[in-house]
Amino acid sequence: MRTIPATLMTETVARLCVQANTRLPQDVAAALARRQGEEPWPLARDTLALLQDNLALASHRDLPVCQDTGMACVFVELGQDVHIEGDFEGAIHQGVRQGYGEGYLRKSIVGDPLRRVNTGDNTPAAITLRLVPGEGCAITVMPKGFGSENMSRLAMLKPADGVEGVKQFVVETVRLAGPNPCPPTVLGVGIGGSFDKVAALAKHALLRPLDTPHPDPFYAGLERNLLEEINALGIGPQGFGGRTTCLGVAIETAPTHVAGLPVAVNVSCHVTRRASAEL
Amino acid sequence: MEYRLTTPVTRAELAPLRAGDTVLLSGIVYTARDAAHQRMMELLDRGEDLPFPVEGSALYYVGPTPERPGEIIGSAGPTTSGRMDPYSPRLLDLGQAIMIGKGARNQAVKEAVVRNGAVYLAALGGAGALMAASVRSLEVICWEDLGCEAVRRLEVHDLPLTVVLDAHGGDLYESGPRRYLESLR
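Residues numbered from 1 in each chain as written. Chains lettered and ligands numbered in written order. Predicted model: local features only at pLDDT ≥ 70, side-chain atom pairs only at ≥ 80, totals over all residues. Heavy atoms only, no water.

Novice: Teacher, can you tell me more about the overall build of chain A here?
Specialist: Broken down by element type, chain A carries 8 helices and 10 strands. Taken over C-alpha atoms, the radius of gyration comes to 19 Å for chain A, in line with the 19 Å a tight globule of 279 residues would show. In terms of its C-alpha atoms, chain A occupies a principal-axis envelope of roughly 50 × 50 × 40 Å. Within chain A, contacts between residues at least 6 apart in sequence are counted, and of these 81% link residues at least 24 apart. Roughly 11,700 Å² of accessible area belongs to chain A as shown, and the carbon and sulfur atoms make up 56% of that amount. Each charge sign in chain A was given a centre, from 25 positive and 29 negative side chains, and these centres are 5 Å apart. (Helix = DSSP H or I, 4+ residues; strand = E, 2+ residues; numbered from the N terminus. Rg over C-alpha atoms; globule rule 2.2 N^0.38 Å. Contact = heavy atoms within 4.5 Å. Areas by Shrake-Rupley, 256 points an atom, 1.4 Å probe, with all protein chains shown as cover. Lys, Arg positive; Asp, Glu negative; His and termini not counted. Charge placed at Lys NZ, Arg CZ, Asp CG, Glu CD.)

Structure below.
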C-alpha cells in the first residue's frame, strides 16, 4: 500500500492546468507544422503559418494559446493499492482553482446550466477516474474549449448501418461544424458501448497522441480513411478553404448490445491541449 | 487585397471590401459576448442608450483571459459568432458596422450585413496570443459582474482580420472551400 497526500495531487493538477494551456503537446504542434508543408492552397498555408506564430508567441510570452482555457477535464488512472490521504475529488478541484487563478487563465464555468452564474474559479473539474492494478497514479489535464465541444454529436445507429453508417455520421459531423470549431480539428470517435459510454470513449480518444494510430490495424485503417475523406471536404483552416480540415482522428471502441451501434464524435480544435504527470 | 481601416468606419469605407480580403483594423473596438448582448437588448427594449456610440462601431466577440500584472490584456481570440445571431441584425440596423468573431452566421445576419453595408470579419480562432498582440489599451466600460464577458473598450493597432461576409452578399465560408475544390479539378 502506497500513500499519496491529496496536497500533492492539488499541486500537480495546478501545474498541469497552466502547462497545458500555454504549451501545445509536441505531437499536435508537429502535426500542424507537417500539414502546413503539405497544404497546397496558399490562403490555407498562410493561415497555418499564423497558427504556428501564435504558438511561438504564447510560449515566449507565457500566454494561454487560446483565450478559451476550457473546462478542466481531469483523467486519473489510480492504482488500486494507493491510499489517497485527504479528499480525492476536493484535491483535484482545488488544483484547478489554484492553476486557473495563479496562471491567469479564464474562468469559464457556470455553476448551474440554466441559471448560469460563473463559479469564478473554473471549478468544478470534470473528473474521470479509472482504477488500475498497482501503486501508480497518472494524471492528465485536458482543458476543453467549447467552440469545438458544441459541434460534437452522438447517434444511436442501427447495426445494419455498419462501418459505412459510422463513416457517414463522422464526416457529416465535420461538414455541419464547418468553420465553427476552429479547424483544423482533432476528432475523438467512440463506437459501441451504451449511450453514456460512447461519449466517454470519444472524449478519452482525444488523449491519444496524433502520431499514434489505433493498435488494431482494422481501426487504424478506418482512422486513416476518415481523415482522408474529411480532408477532401475543402473546409480548410478556419473554414477559409483548403485541404487541412482535420489533423487526426482517434477511435475508441467498446462491446455493445446486439441491437445497437452507438457512435459519438467529440470535436476538438487545433488547440488540442493535454498535459500529464505520474505521481 | 489588404485594407487598413480605423474605427468608426463609414459605409463608403467598407464598400470596396470583398470576402477573402485582409483588413488591418485600428482604433476602438468594443468586446461583447452572449451575456452582454442580452443586456444590450434589454437596454434597447427600455428605450435606453447602448453603453458605447454605435454608429460605425466594431464589436469583437471575445472574452479575454485575465491580464497579468503589468500586461494590457491576456489571450484574446474570437468566440463562435453564431451565438450572437439573434442580436446582431438589430445592432446592425442601429449603425454597428463591423462584427468580429469566427464561425458561420445565419441568413438574417447575412441580410442585415447587405442591408446596412456592414461587414463580418474573422479573427483567427484559437490564436489568442497573436490577436492580443494588436491591443494597445483595455478598459472595462460596463457590466463588470460578467467577468470575462464584461464589455471592454479596446484600442487596437493593425488587428489582422479576414473578410467573411461583405456588403455585396459575399461569404468566404462558402466561396473559400468552393474555390479550393474547383482548383483540384
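Novice: Hey, could you run me through the nonpolar core in this one?
Specialist: Most often, soluble globular proteins have nonpolar side chains that are buried together. All names here are of chain B. Ranked by internal contacts, the top residues of the largest apolar core, which has 52 residues, are L14, L17, L25, Y60, I98 and I100. Considering each element in turn, this core owes the most residues, 5 residues, to strand β7 (residues 151–165). Residues within four places of L17 in sequence aside, it is in contact with Y3, L5, V23, V119, V163, D166 and H168. Judged by nonpolar contacts, the second largest core, of 34 residues, contains M41, F52, A112 and V164. (Core = buried A, V, L, I, M, F, W, Y, C linked by side-chain atoms within 4.5 Å. Buried < 20%, exposed > 50% of the residue type's maximum accessible area, 1.4 Å probe, protein only.)

Novice: It is not clear to me how the sheet that holds strand β4 (residues 126–132) of chain A should be interpreted in this structure. Could you clarify?
Specialist: Note: strands within a sheet are paired through backbone hydrogen bonds, in either parallel or antiparallel orientation. All names here are of chain A. Judged by pairing direction, the sheet is mixed, and its 4 strands sit side by side in the order β4-β2-β5-β10 without closing on themselves. Of all strands in the sheet, those bounded by a partner on one side alone are β4 and β10 (275–278). For this sheet, the mean inter-axis angle between neighbouring strands, taken without regard to orientation, is 15°. Note that strand β2 (residues 71–79) and strand β5 (residues 137–144) share 8 bridges and pair antiparallel. Bridge pairing in β5 links M71 to K144. (Pairing = 2+ DSSP bridges. Axes fitted to C-alpha atoms, helices over the stretch in contact; angles between N-to-C directions.)

Novice: How should the domain arrangement of chain A be read in this particular structure?
Specialist: Interfaces are often sized by the amount of accessible area the parts lose when they come together. Residue and element names in this part refer to chain A. On domain assignment, one finds that chain A holds domain 1 (2–21 + 65–144) and domain 2 (147–273). Taking only C-alpha atoms into account, the centre of domain 1 sits 25 Å from that of domain 2. In this assembly, domain 1 packs against domain 2 so that about 980 Å² is buried in total across both faces, 63% of it on carbon and sulfur atoms. When the buried area of domain 1 at its contact with domain 2 is split by residue, F75, M142 and K144 rank highest and sum to 55% of it. Between domain 1 and domain 2 we count 1 salt bridge in total. For K144, the salt bridge goes to E149, with nearest N and O atoms at 2.9 Å. (Domains from an automatic or database assignment. Buried area = accessible area lost by both parts, 1.4 Å probe. Salt bridge = Lys/Arg side-chain N within 4 Å of Asp/Glu carboxyl O.)

Novice: For this particular structure, what's the right way to read the pairing of β7 of chain B?
Specialist: Successive residues of a regular strand alternate their side chains across the two faces of the sheet. Residue and element names in this part refer to chain B. Counting buried positions over the 15 residues of β7 gives 11, a clear majority of the element. Across 8 bridges, the pairing between strand β2 (residues 22–31) and β7 is antiparallel. What sits directly across from V29, in β7, is L154. Here 3 bridges tie strand β5 (residues 119–122) to β7, and the two strands are oriented antiparallel to one another. Counted as the bridge partner of Y120 is L165 from β7. Two elements, strand β6 (residues 135–142) and β7, share 6 bridges in a ladder whose sense is antiparallel. Residue pairing across strands places V140 opposite R152, the latter belonging to β7.

Novice: Please explain the packing of helix α2 (residues 26–38) of chain A against helix α3 (residues 42–61) of chain A as it appears in this structure.
Specialist: Between two packed helices, what matters for the description is the angle formed by their axes and the separation of those axes. Residues and elements named next belong to chain A. Put simply, α2 and α3 touch, their axes get as near as 9 Å, and they point 150° apart. Put simply, α2 runs roughly antiparallel to α3. The two elements α2 and α3 meet at a crossing, and its hand is left-handed. For the pair formed by α2 and α3, the contact residues are A29, L32, A33, R35 and Q36 on the first element and R45, L48, A49, L51, Q52 and L55 on the second. Residues of the contact of α2 with α3, tallied by class, amount to 7 nonpolar, 2 polar and 2 charged. (Parallel < 35°, antiparallel > 145°, perpendicular 65-115°, else oblique. Left-handed = near helix turned anticlockwise from the far one by under 90°. Nonpolar A, V, L, I, M, F, W, Y, C, P; charged D, E, K, R; others polar.)

Novice: Help me understand the environment of L55 of chain A, please; the structure alone is not making it clear to me.
Specialist: Residue and element names in this part refer to chain A. Among the secondary structure elements, L55 is positioned in helix α3. Counting along the chain gives 31 residues from L55 to L24, while the straight-line C-alpha distance between them is 7.4 Å. Every residue in contact with L55, bar those within four places of it in the chain, is listed here: L24, A29, L32 and V65.

Novice: Would you take a moment to explain the packing of aromatic side chains for this structure?
Specialist: The relative placement of two aromatic rings is captured by the distance of their centres and the angle of their planes. All told, the structure shown has 4 aromatic pairs over all chains when counted by the stated rule. Arranged with centres 5.7 Å apart and planes meeting at 70°, the rings of W41 of chain A and Y180 of chain B form a pair that is edge-to-face. Here W41 of chain A is found in the loop between α2 and α3, whereas its partner Y180 of chain B is found in helix α6 (residues 172–183) on a different chain. Judged by its relative accessible area of 3%, Y180 of chain B is buried. The interplanar angle of 20° and the centroid separation of 4.6 Å between the aromatic rings of Y30 of chain B and F52 of chain B together place this pair among those described as stacked. One end of the pair, Y30 of chain B, is in strand β2; the other, F52 of chain B, is in the loop between α2 (34–45) and β3 (58–60), with 22 residues separating them in the sequence. F52 of chain B shares its class with Y30 of chain B; the two are buried. Positioned above the aromatic ring of Y120 of chain B, the side-chain terminus of R105 of chain B is 4.9 Å from the ring centre. (Phe/Tyr/Trp six-rings, centres within 6.5 Å; stacked < 30°, edge-to-face > 60°. Lys NZ or Arg CZ within 6 Å of the ring centre and 35° of its normal.)

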